[in-house]
Amino acid sequence: MLGAMPTDDEVAAVADAAAGALLGSGYGATLWEPSPGVIERARITQFCRWLVRERGLPLADPTGPVDPADPVDPADPADSADSVDSTGPVGRAQHVYGELWRWSVTETAAFWESVWDYFGVLGQRGNGPVLTGGPMPDTQWFPGATLNYARNALRAAVEDPGRAAIIACGEDGAQRTLSYGELAAEVARVRDALRAVGVTKGDRVAAFLPNVPEAVVGLLAAASLGAIWSSCSPDFGPPSVIDRFAQITPTVLIATEQYRYGGKEFSRQQAVADIVAALPSLAAVIMVGGPGTGTSTGPSTGAESATAESAAAGPRILRWDLLPSGDAAAAESGGAATGEFDEVPFGHPLWILYSSGTTGLPKAIMHSHGGIVLEHLKALSFHTNIGPGDTFFWYTTTGWMMWNYLVGGLLAGVTVLLYDGSATYPDTDALWRLAAQTGVSYAGTGAPYLLACAKAGLSPGKDMDLSGLRGIGSTGSPLPPEGFHWVYDQVGTDLQLGSFSGGTDLCTGFVGPSPLLPVRAGLIAGRCLGAKVEAYDPDGEPVTGEVGELVITAPMPSMPVGFWNDADDAKYRASYFDSYPGVWRHGDWIRMLPDGESVIYGRSDATLNRGGVRMGTSEFYRVVERLPEVTDSLVVDTGQLGQDGRLLLYVVLADGSELDDGLIARIRAALRGELSPRHVPDEIHRVPGIPRTLSGKKLEVPVRKILLGMRVADAADPDALANPEVLGLFAPLAGAEVQSDGARQSDQR
């Protein structure tokens, strides 16, 4: 006779213990579970009910009992031991999510068609199939369908024009709000101005702008014409911008005269002149004046003359705030200002994003109108759980894919919060104060910011009113368990912390949170709907509970439609599909747990291989950077195929700290005790900074190449780095304080 079903608390205890045993100390503690009210209100719950009602899908209701006709199978990852409780709301919700995820990746076409229909995507679906061709990357989504990203992003301008679309804030405290109606009017004005200077479908519109409303308007105006958008942040150096924009030969450049960061104003007049001089394809340059949230309406600051001088008789120089109204622009171009959106095929390029470009030219990655509309509607509604009435924020610049993801909030009808400035100016709590002042519902940032707040001893939940905050997003690098605990100890207990992992390559996350899933320390809650994520062993076989290559084994519509100037897709195929034919290899290490939770361990090309045991770098950083004396670190293994190397640790120390024998001993003891003797470095070096890309990622692979003898200039493009001045220190270790850990060999037992 069967005993009583376990309660949610008993299931959570089993899950916590299982995760801790598999992953080590600190992982797996349950920190948040969705309440019955959260589950009931979740947008994914409404989607489940719609699927049952409109599609006849045999899904149990997330708030009701598991269907007896769908018995639990402990061998099925969707029905693992961690989610078999049918008596409690958490267990039921987990079970339903597992069933929904499994359907979304086995009935791929049916799932993505249901996303189109559920959200009522504006466009012509057509009568063709959802998906043709294959295997990846030879697939085509929705052939025959047409739509426009901008039309879908601005649908609230018709339904509810007074709803706030954008709140823009700057370091100086200035704030500006645009309603959906006002945003649509600005888009129409700029769209007509672009048309007047000759922009047509397929042309590229580039932007050198901070995170201000003009950037959003420019994207939507370009998209409305079927032109292709591409942006760089104004903190990029001119060579880095030219490396990107010269590849795509833009017709128009929208650029800023200056920007503000860390309390200082930075002129970009000469940078703009240099960029314009390197882009002979330009027909026009549109200057956006003034930092922060507004545009300058006063006299010229001189940027136009500098730009005009560099361009000679080349592009026209226009001012954003003096662009003509739609009627005037139409008259100049001999046409009519219709205010309409040009419908484009589903796979028509929407924008071009770029890889980091640390070695060679950055890859110019194209995503489609249709793929981004469907993916961002799904991700923001069902995983981030936001919609009309919410204020959505992510700390980003226009040079990071998270800016594109943030703007995607308009698709979901939310109010998007733009912030132009430093996350830590005037103090480390700047982003929390911003969230409190603007009533943010969902706030996203990079994992390093959350860890910096923890190290600074901040308690934003106690020091300010964050009562409107329902969710926090973390991405950019793995968030260790300590970061999870800090959020729930110092920010709030009644919110969902969503650790995401994805990438520029797909402009989304493919493992992340769901309001139906609990939050456990150090773990990513689940595989996202429509994302068939697996871990592969060296033989290309899926593994569970082991670290393997992160792969995606079914197509997703936001996968690139290709790289720019890669007519035969040779570079695209080599980047993702060479290792496992027909399977997307992302380049990260991942451990998939039986219930669908996961841990990301860093780049698979930055592996630490000690004594034949592969280790990811993220767990290493978690231990080292927890020490109060260490503010940043980098670890590199110089071993090569068939040859052991040395494990080298570089640390940046807090003010007043020294790399003395005591600190060295504490570092060694922490790594040996919390990880293993194999993790103890051969050498420890103190350096003034860790080299990072412009998007904040550590340069593990280029540093390894330098240590193996490559010239610094060949290992990484300095213009693709946030702090290129520190990279040269890793060749001769000039000025570095080196401490060798000679006792390490005695630990290998």
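Given the structure is predicted, the values throughout are model-derived calculations rather than measurements.

Undergrad: I'd like a description of the packing of helix α17 (residues 447-455) against helix α19 (residues 481-490), backed by residues and values.
TA: Running from amino to carboxyl end, α17 crosses α19 at an angle of 65 degrees, the nearest separation of the two axes being 9 Å. Here the hand of the crossing between α17 and α19 comes out left-handed. Across from L450, L451, C453 and A454 in α17, the residues of α19 making contact are G483, W486 and V487. In terms of residue class, the contact of α17 with α19 is made up of six nonpolar, one polar and no charged.

Undergrad: So what's going on with unusual backbone geometry? Residues and values would help.
TA: The omega angle of the peptide bond from G134 to P135 is -5 degrees, so this bond is cis rather than trans. Here P135 is to be found in the loop between β3 (131-133) and β4 (139-141). With phi around 65 degrees, N385 is a residue other than glycine that occupies positive phi space. Unlike most non-glycine residues, C507 shows phi in positive territory, near 55 degrees. With respect to the secondary-structure elements, C507 resides in the loop between β23 (501-503) and β24 (508-512).

Undergrad: Give me the lowdown on the side chain of S114, citing residues and values where you can.
TA: On the secondary structure map, S114 appears in helix α5 (residues 108-119). Owing to a relative accessible area of 0%, S114 belongs among the buried residues under this scheme.

Undergrad: Describe the packing of helix α3 (residues 43-55) against α5, listing the residues and the values that go with them.
TA: Contact pair α3 / α5: the axes reach a minimum separation of 11 Å and the direction vectors enclose 105 degrees. By the angle between their axes, α3 is roughly perpendicular relative to α5. On α5, the residues touching R43, Q46, F47, W50, L51 and R55 of α3 are F111, E113, S114, D117 and Y118. Taken together, the residues of the contact of α3 with α5 sort by class into five nonpolar, two polar and four charged.

Undergrad: Please set out the sheet that holds strand β2 (residues 123-124) residue by residue, giving values where relevant.
TA: Sheet strands pair by backbone hydrogen bonding; their relative direction is either parallel or antiparallel. Spatially, the three strands line up as an open sheet ordered β2-β5-β15, and their pairing is antiparallel. Both outer strands of the open sheet, β2 and β15 (344-345), are each paired with one neighbouring strand and no more. Two strands pair when backbone bridges link them, and strand β5 (residues 146-147) and β15 are joined in this way by two bridges, in the antiparallel orientation. Note on β15: the bridge partner recorded for T146 is P345.

Undergrad: Which residues make up the packing of aromatic side chains, and what values go with them?
TA: Across all of its chains, the model carries 35 aromatic pairs by this definition. Ring centres 6.5 Å apart and planes at 25 degrees place the aromatic pair W229 and W403 in the stacked group. Of this pair, W229 sits in strand β9 (residues 228-232) while W403 sits in helix α15 (residues 401-407); the two residues are 174 residues apart in sequence, bridging distant segments of the chain. The exposure class of W229 is buried, given its relative accessible area of 1%. For W403, a relative accessible area of 0% puts it in the buried group. On the numbers, 6.3 Å between centres and 75 degrees between planes, the contact of F392 with Y405 is edge-to-face.

Undergrad: Account for the pattern of salt bridges, with residues named and values stated.
TA: Within the structure shown, the criterion is met by 33 salt bridges. A salt bridge links D61 to R49; the nearest nitrogen and oxygen atoms lie 2.7 Å apart. Pair noted here: D61 is in the loop between α3 and α4 (89-106) and R49 is in helix α3, with a separation of twelve residues, a long-range link. Looking at D61, the relative accessible area reads 26%, which means it is partly exposed. Using a relative accessible area of 22% as the deciding quantity, one classes R49 as partly exposed. In this structure, the salt-bridge partner of D714 is R711, at a minimum N-O distance of 2.9 Å. The exposure class of D714 is partly exposed, given its relative accessible area of 46%. Residues joined in a network through salt bridges with shared partners are E625, D632, R692 and K698.

Basis of the calculations
- Residues numbered from 1 in each chain as written.
- Predicted model: local features only at pLDDT ≥ 70, side-chain atom pairs only at ≥ 80, totals over all residues.
- Heavy atoms only, no water.
- Axes fitted to C-alpha atoms, helices over the stretch in contact; angles between N-to-C directions.
- Helix = DSSP H or I, 4+ residues; strand = E, 2+ residues; numbered from the N terminus.
- Left-handed = near helix turned anticlockwise from the far one by under 90°.
- Contact = heavy atoms within 4.5 Å.
- Nonpolar A, V, L, I, M, F, W, Y, C, P; charged D, E, K, R; others polar.
- Buried < 20%, exposed > 50% of the residue type's maximum accessible area, 1.4 Å probe, protein only.
- Parallel < 35°, antiparallel > 145°, perpendicular 65-115°, else oblique.
- Pairing = 2+ DSSP bridges.
- Phe/Tyr/Trp six-rings, centres within 6.5 Å; stacked < 30°, edge-to-face > 60°.
- Salt bridge = Lys/Arg side-chain N within 4 Å of Asp/Glu carboxyl O.

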